Amino acid sequence: MQTLSIQVQDSYMQQFMNFVKESHSNITISKDKDIQFDPYFHERKRELQQIRADVKSGKMEMLSEEQYEKEIEQFFSELEQ
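For the structure given in this document, a descriptive report is provided here. As the structure is a prediction and not an experimental result, all values here were calculated from the model.

This part takes up the overall build of the protein chain. A tally of helices and strands in the protein chain yields four helices and zero strands. Its helices and strands in sequence order give the protein chain the pattern α-α-α-α, from N to C terminus. For 81 residues, the compact-globule estimate of 2.2 N^0.38 gives 12 Å, and the protein chain exceeds it by more than 25% at 23 Å. Looking at the 81 residues of the protein chain, the share that counts as buried comes to 6%. Looking at the protein chain as shown, the accessible area adds up to about 8,400 Å², and 51% of this sits on carbon and sulfur atoms. Charge centroids of the protein chain, computed over 10 positive and 16 negative side chains, lie 13 Å from each other.

What follows is the structure, given as structure tokens:
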């Protein structure tokens, strides 16, 4: 069995549910628990995986805690001026 994620137009929902009901022996519907809590879960997951890959490859620079503190102090100092 394969798992798919689908989106159904509101106006087509009843027809879709009728189709599923007629095909109940071949289709199982279950809610994605991650999406129940966060509708953008899978998008954020992909973004975080990309960020992690960029950090590992060196494409994205990571600051040390000392560098971060210095840069944030400089940033606020410039804001005050």
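We are not done yet, so read on.
Considering all chains together, one arrives at one aromatic pair under this definition. Taking 5.5 Å as the distance between ring centres and 70° as the angle between the ring planes, the aromatic pair formed by Phe75 and Phe76 counts as edge-to-face. Look at Phe75 and you get partly exposed, because its relative accessible area is 42%. Judged by relative accessible area, which is 46%, Phe76 ranks as partly exposed.

With that out of the way, let us pick up a negative patch on the surface. Side chains of Glu65, Glu66, Glu69 and Glu73 sit close together on the surface and give a patch of like negative charge. Take Glu69: it is sitting in helix H4 (residues 65-80).

Turning our eyes to something else, we now look at a nonpolar patch on the surface. Taken together, Met13, Met17 and Ile29 make up a surface patch of nonpolar side chains, about 260 Å² in accessible area. In this structure Met17 comes out as partly exposed when scored by relative accessible area, which is 33%.

Right, let's talk about the pattern of salt bridges for a bit. According to the stated counting rule, one finds one salt bridge in the structure shown. Two residues, Arg44 and Asp38, come together in a salt bridge whose shortest N-O distance is 2.9 Å.

With 17 residues, helix H3 (residues 41-57) should reach 24 Å at 1.5 Å per residue; the first-to-last C-alpha distance of 24 Å fits that figure. One or two positions beyond H3, positive phi appears at Gly58, with a value near 90°.

A few words on the layout of surface pockets. Here the largest pocket defines a volume of roughly 1,200 Å³. Surrounding the largest pocket, 28 residues form its lining, Leu4, Ser5, Ile6, Ile29 and Ser30 being those nearest its centre. When contributions to the lining of the largest pocket are tallied by element, the ones reaching two or more residues are helix H1 (13-22), helix H2 (33-37) and H3. Examining the composition of the lining of the largest pocket, we find that four residues originate from one element, H3, more than from any other.

Reading the values: rules and limits
- Residues numbered from 1 in each chain as written.
- Predicted model: local features only at pLDDT ≥ 70, side-chain atom pairs only at ≥ 80, totals over all residues.
- Heavy atoms only, no water.
- Helix = DSSP H or I, 4+ residues; strand = E, 2+ residues; numbered from the N terminus.
- Rg over C-alpha atoms; globule rule 2.2 N^0.38 Å.
- Buried < 20%, exposed > 50% of the residue type's maximum accessible area, 1.4 Å probe, protein only.
- Areas by Shrake-Rupley, 256 points an atom, 1.4 Å probe, with all protein chains shown as cover.
- Lys, Arg positive; Asp, Glu negative; His and termini not counted.
- Charge placed at Lys NZ, Arg CZ, Asp CG, Glu CD.
- Phe/Tyr/Trp six-rings, centres within 6.5 Å; stacked < 30°, edge-to-face > 60°.
- Patch = residues over 30% accessible without salt bridge, like charges linked within 9 Å, V, L, I, M, F, W, Y side chains within 5 Å.
- Salt bridge = Lys/Arg side-chain N within 4 Å of Asp/Glu carboxyl O.
- Expected span 1.5 Å × (residues − 1).
- 1 Å grid on protein atoms, 1.4 Å probe; cavity = no way out; pocket = protein on both sides within 12 Å on 5 of 7 lines; lining within 4 Å.
- Points joined across faces, edges and corners; volume = space filled by probe spheres on them.

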